[in-house]
Amino acid sequence: MTARLVAERSEIAPGETVDLALVFEIRPGWHTYWRNPGDSGDPPRVEWTLPEGVEAGPLSWPRPEVIPVGPLANYGYSERVVHLIALSVPADWPIGEPVRIRADADWLVCEEHCIPESGRFDLTLPTGAGAGARPGPIDPAQAEFFAAARVGLPNGRIEGAALGVAGAGLGLVIPLDELSEEIDGAWFFAGEWGLIEHAAEQPWRLLDGHLRIDLLPGALSDQAAPDGLLVVADALGEVRSYEVAAVRGPLPEEVARDRPIGLPLAFAFALLGGLILNLMPCVFPILAMKALSLVNGLSGQGPEAARERVLHGVAYTTGVLLFFAGLAVLLLALRAGGAAVGWGFQLQYPPFVVFMAYVFFVIGLSLSGAVTLGARLMSLGGARTGSGTAGAFGTGALAALVAAPCTAPFMGAALGYAVTLSWPLALAIMLTLGFGLALPFLLLSLVPQLARLLPKPGAWMETLKQALAFPMFAAAAWLVWVLSVQTGSAGVALVLGGLVLLAFALWLRERTRGLPSVRRRWGLAGTSAALICALYLGVATDRLTAPTLSEGEVSASGLASEPYSPERLAAAIDARRPVFVNMTAAWCITCLVNERVALSASDVARSFTDAGVLYLKGDWTNRDPAITAYLADHGRNGVPLYVFYPADGDPQVLPQILTEDMVLRAIRTSAPGSSGRDG
Amino acid sequence: MKHAFRNTLVVGVVALAATLGFGVAVAAPKIDAPAPDFSVVDTAGETWTLGGLVGKKVILEWTNHDCPFVVKHYASGNMQALQKEATEAGYVWLSVISSASGKQGHVSPAEADDLTDSRGAAPTAVLLDTSGAMGRAYDAKTTPHMYVIDSEGNLVYMGGIDDKPTSNQADIAGASNYVRLAMADLAAGNPVTTPVTRPYGCSVKY
């Protein structure tokens, strides 16, 4: 690497300050270090030799990056770093006499191994002759360079941050006044060694008016200065950094409501999501036929035809919006009623799972061309060739209805956000979603010429339609798996039998449709009977109970667990036995990932055994009021939830994204004989 | 289904974290608590465990002969002097090399013995922690990284060798050697005044 020292101005004036830059050009793969280098390394240092009265300020520290080194992490720089130094010249410096300065710098540069380097830099800065106390012009060659260097410097300083103990970790709570709410990433660089574990993950979330970052305490977390540098990125990828001086103290009471996305973003997502719904295989056929009928049937000229088109568009939009408003009211009513509205809660009800599996299976069959459902759906919506505004209204409502099962992947965040909001805002989000769904058709009705922009129908549509069948089949397969966890093999037998009956019913209907009326009636009867049987099999799954875990059974994670019950928990607490509670569900992927990543390690099993921890597992795959109540006690409406009860002391709620380290740490901090100074 | 959305993110983050080797830092050992046990072979093939050293005071020194911060203390004779002082005072001094196979600082038993001879070093043994298990158990971060364990097996000091975190030999003269201070505190029957400091040096090459 190379190093140099340059001045921003070619001339300086007495009584003024000039910025110097210590520049490191670093070879690819190598790094120099920030003021806190992290787990290893060393920041650069400069010894100045200056004429009397001339003073050099401290090195500036541009925003560093996190450099992972195996299980460790460093804070440092790659490629190029510019440290600025303010050099001040006293007012009584003789005009015309150059200022000669010398800097002896030491720095460490590391790749896998480290090389200490040093350099001596001499600079002679002329003072303006006769020009009086005016600094020389900024050297244009340097101006851009210095401007670029300043971009990396902290954008400001945030006061009023709090650092406090939160469970086994530390919580840093930073007021949002200075930050925008649209934070897409956050990282806290501790200003001193020992405050935090530099390599640990830093889960963050936005709470009312605050950014909260969870940190793992370092070896000197109670002694190191609680300050550092906060780096945040917004949704556009713009990165800003702020000096943070936190005050140690209790953290503000956490409201059990996280806001993963900001309000404007939620509206944007809702609108975009609504637009995307138009492309869903369950909506597109309806929309396409409706659009065709509009363009073909109402393409007349003149104000009368135009008026009817607009009326159609408005009726359709109203239908969609009313449906979404109804959905919102239902959702909010459930919330107000105190029902456990966690997303996925419906999946606890086996007949619902079966029903959804049927729906996806039938949609899949329809898309792959095995059966034709479009016509029937259309007539259901009363949308045969433009039969008036009532028909358009019905089609809108139908489109929204059939879109509902497709909303999940696209709408999840916006809907989840909506549930946490006050009801007018929640309603607004839902309506925005509906408006997004209605928008293309509304536009078509206002400007029929737009229909020309639609892609030309052709063979590609059939191919696309058939390809879209496979995600539907995959979803059905997943639901059958969920059911297998809920009801065991008996439930799987029922649902598979139901699927066969369903396929038979559709095939029969398909074969007998065009036949003379008597045979068609037999066909219809057979179809109906098969359908009813399929539905009956689905409902029958409700009577099945989940395969229960026997006491002390060794689960897949290698940890011996017992099923959760409030009595078992209370008994263990009374007996002063440490308890680890894991609330989970088969349909919760986060739970499964955590169990694989954090709870299956042999270290964890050993530490559980060593500390005599009782491992209680609550399975929320099926409805369980005791678990719902437990979740509510902890301000949650969904799984996962991990709570560790030390033998003595307060229970700790562990993060939803768990690492092996967090579990070990929680157990260890409570282990007998470890009431050490940083416990 | 908020979960569906969030879960996708979670899986992504976990996969990314695993790829980067993030978030796998192990729990740190604690002062005044039993030091983590270990079972590591030395250059002669002998297995050392903490359990086998009951009643002995132990000093652990993480080392990597190529690291400039280690060179500072060996080329000046500072580390060797401290090793002699400690072993004469009854300490078991274990130098630990946690560099993984193929990583910088990894040595064969013969090379490690050569280094001990050529530098005039005086550890009780040099442990070859190639798997890094011992280093991770102690949360050893740098070379050098020093640990002092009392005769009851409790950890009483962890951190840097002294208070001058540089690679410049000239800084040794004016530095306070934390290991020497801890030994003095133990000899006087006092708790260690400064039990935790910042370890400085190169990262351990796990």
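Residues numbered from 1 in each chain as written. Chains lettered and ligands numbered in written order. Predicted model: local features only at pLDDT ≥ 70, side-chain atom pairs only at ≥ 80, totals over all residues. Heavy atoms only, no water.

Section: the state of the cysteines
Put simply, the test is: The criterion for a disulfide is a pair of cysteine sulfur atoms lying within 2.5 Å. When a residue's accessible area, from a 1.4 Å probe over protein chains only, is under 20% of the maximum for its type it is buried; when over 50% it is exposed; and in between it is partly exposed.
Scanning the entire structure with this criterion turns up 2 disulfides over all chains. Across the disulfide from A:Cys110 sits A:Cys114; the S-S distance is 2.2 Å. For the disulfide bridge between A:Cys110 and A:Cys114, the dihedral angle about the S-S bond is near 110°, and by the sign convention the bridge is right-handed. Its relative accessible area of 2% is what places A:Cys110 among the buried residues. Residue A:Cys114 is classed as buried on the basis of its relative accessible area of 7%. Between the sulfur atoms of B:Cys67 and its disulfide partner B:Cys202 the distance amounts to 2.1 Å.

Re the confidence of the model for chain A
All names here are of chain A. So the rule is basically this: The predictor attaches a confidence to each residue, called pLDDT, with possible values from 0 through 100. The contact definition used throughout considers only heavy atoms, calling two residues in contact when any of these lie within 4.5 Å.
Of the residues in chain A, 77% have a pLDDT of 70 or more, and the chain-wide mean is 78. Confidence drops under pLDDT 50 across residues 374-386; counting only partners more than four residues distant or on other chains, this segment forms 20 contacts. Predicted confidence is poor over residues 548-557, with pLDDT under 50, and the contacts of this stretch with residues over four places away or in other chains come to 16 contacts.

With respect to the nonpolar core
All names here are of chain A. Heads up, the condition is: We define the nonpolar core as a collection of buried residues of types Ala, Val, Leu, Ile, Met, Phe, Trp, Tyr and Cys that are connected through side-chain atoms lying within 4.5 Å of one another.
Grouped together as the largest cluster of nonpolar side chains are 58 residues, with contacts concentrated most on Leu20, Leu179, Phe188, Leu211 and Leu230. Look past the residues within four positions of Leu179 in its chain and what remains in contact with it is Ile158, Ile174, Leu211, Leu230, Val232 and Tyr242. In terms of nonpolar packing, the next biggest core, distinct from the first, is built from 37 residues, Ala598, Leu599, Tyr642 and Val663 among them.

Details of the packing of helix H5 (residues 350-368) of chain A against helix H11 (residues 469-512) of chain A
Residue and element names in this part refer to chain A. For clarity, the threshold we go by: Axis geometry follows a simple rule: fit a line to the C-alpha atoms, using only the stretch in contact for helices, then measure angles between N-to-C directions, giving values from 0 to 180 degrees. Comment: elements are numbered from the N terminus, with helices defined as DSSP H or I runs of at least four residues and strands as E runs of at least two. Between 65 and 115 degrees an angle is taken as roughly perpendicular, under 35 as roughly parallel, over 145 as roughly antiparallel, and anywhere else as oblique. Crossing handedness follows the turn of the near helix against the far one: under a right angle anticlockwise gives a left-handed crossing, and clockwise gives a right-handed one.
Orientation of H5 relative to H11, taken along the N-to-C sense of each, is 25°, at an axis distance of 5 Å. The orientation of H5 with respect to H11, classified from their angle, is roughly parallel. The way H5 lies across H11 gives a crossing that is right-handed.

Quick notes on the sheet that holds strand S10 (residues 114-125) of chain A
Residues and elements named next belong to chain A. Our working definition: DSSP calls a pair of strands paired once it identifies at least 2 bridges connecting them.
In space, the 3 strands of this open sheet follow the order S4-S9-S10, with antiparallel pairing throughout. Edge strands, defined here as strands with exactly one partner in the open sheet, are strand S4 (45-49) and S10. Neighbouring strand axes in the sheet, compared pairwise and without regard to direction, differ in orientation by 15° on average. Two strands pair when backbone bridges link them, and strand S9 (residues 99-110) and S10 are joined in this way by 12 bridges, in the antiparallel orientation. By the bridge assignment, Ala103 is partnered in S10 with Phe121.

A look at the pairing of strand S17 (residues 239-248) of chain A
All names here are of chain A. For strand S11 (residues 156-166) and S17, the ladder comprises 6 bridges, and the chain directions are parallel. Within S17, the residue paired with Ala162 across the bridge is Val247. In this sheet, S17 lies alongside strand S16 (residues 227-234) in antiparallel orientation, the contact comprising 7 bridges. Paired with Gly228 across the two strands is Val244, which belongs to S17. Two successive antiparallel strands, S16 and S17, enclose a turn made up of 4 residues, where Gly237 displays a positive phi of approximately 90°.

Some remarks on the sheet that holds strand S12 (residues 169-175) of chain A
In any sheet, the strands associate via hydrogen bonds between backbone groups, in a parallel or an antiparallel arrangement. Residues and elements named next belong to chain A. The strand order across the open sheet built from 7 strands is S13-S16-S17-S11-S12-S15-S14, with neighbouring strands paired in mixed fashion. The sheet is open, and its two edges are formed by strand S13 (183-190) and strand S14 (204-207), each paired on a single side. When strand polarity is set aside, the average angle formed by the axes of neighbouring strands in this sheet is 30°. By the bridge criterion, 7 bridges tie S13 to S16 in an arrangement that is antiparallel. What sits directly across from Phe188, in S16, is Leu230.

Focus: the side chain of A:Ser607
Position of A:Ser607 among the secondary structure elements: in helix H15 (residues 602-611). The contacts of A:Ser607, once residues within four sequence positions are left out, are A:Leu664 and A:Ile667.

Re the pattern of salt bridges
The following threshold applies: The rule for a salt bridge is simple: a side-chain nitrogen of Lys or Arg has to be within 4 Å of a carboxyl oxygen of Asp or Glu.
Under the definition given, this model contains 20 salt bridges over all chains. In this structure, the salt-bridge partner of A:Glu159 is A:Arg157, at a minimum N-O distance of 3.1 Å. The residue B:Lys141 makes a salt bridge to A:Glu197 at a minimum N-O spacing of 2.8 Å. Residue B:Lys141 is located in the loop between helix H5 (133-138) and strand S6 (142-143), and its partner A:Glu197 is located in the loop between S13 and S14; the two belong to separate chains. Overall, the relative accessible area of 7% leaves B:Lys141 in the buried class. Ionic contacts of the salt-bridge type, sharing partners, join the residues A:Asp39, A:Glu197, A:Asp661, A:Arg665, B:Asp139 and B:Lys141 into one network.

Comments concerning the packing of aromatic side chains
Working definition: an aromatic ring pair is given by the centre-to-centre distance plus the angle between the planes. Note the threshold: Classification of ring pairs uses Phe, Tyr and Trp, with its six-membered ring standing for Trp, and accepts pairs whose centres are within 6.5 Å; under 30 degrees between planes counts as stacked, over 60 as edge-to-face, and the remaining range as tilted. Both a distance and an angle decide whether a charge sits over a ring: NZ of Lys or CZ of Arg must be within 6 Å of the ring centre and within 35 degrees of the ring normal.
Here the structure, examined in full by the defined rule, presents 22 aromatic pairs over all chains. Relative to A:Tyr615, the ring of A:Phe580 has its centre 5.9 Å away and its plane inclined at 50°; by these criteria the two rings are tilted. Here A:Phe580 is found in strand S19 (residues 579-584), whereas its partner A:Tyr615 is found in strand S20 (residues 614-619), with 35 residues between them in sequence. A:Phe580 sits in the buried class, given a relative accessible area of 0%. These aromatic residues form a ring-pair network of at least three members: A:Phe580, A:Phe608, A:Tyr615, A:Tyr642 and A:Phe644. Just above the ring of B:Tyr74 sits the side chain of B:Arg119; from NZ or CZ to the centre is 3.9 Å. Over the ring of B:Tyr206 we find B:Arg136; its NZ or CZ atom is 4.9 Å from the centre of that ring.

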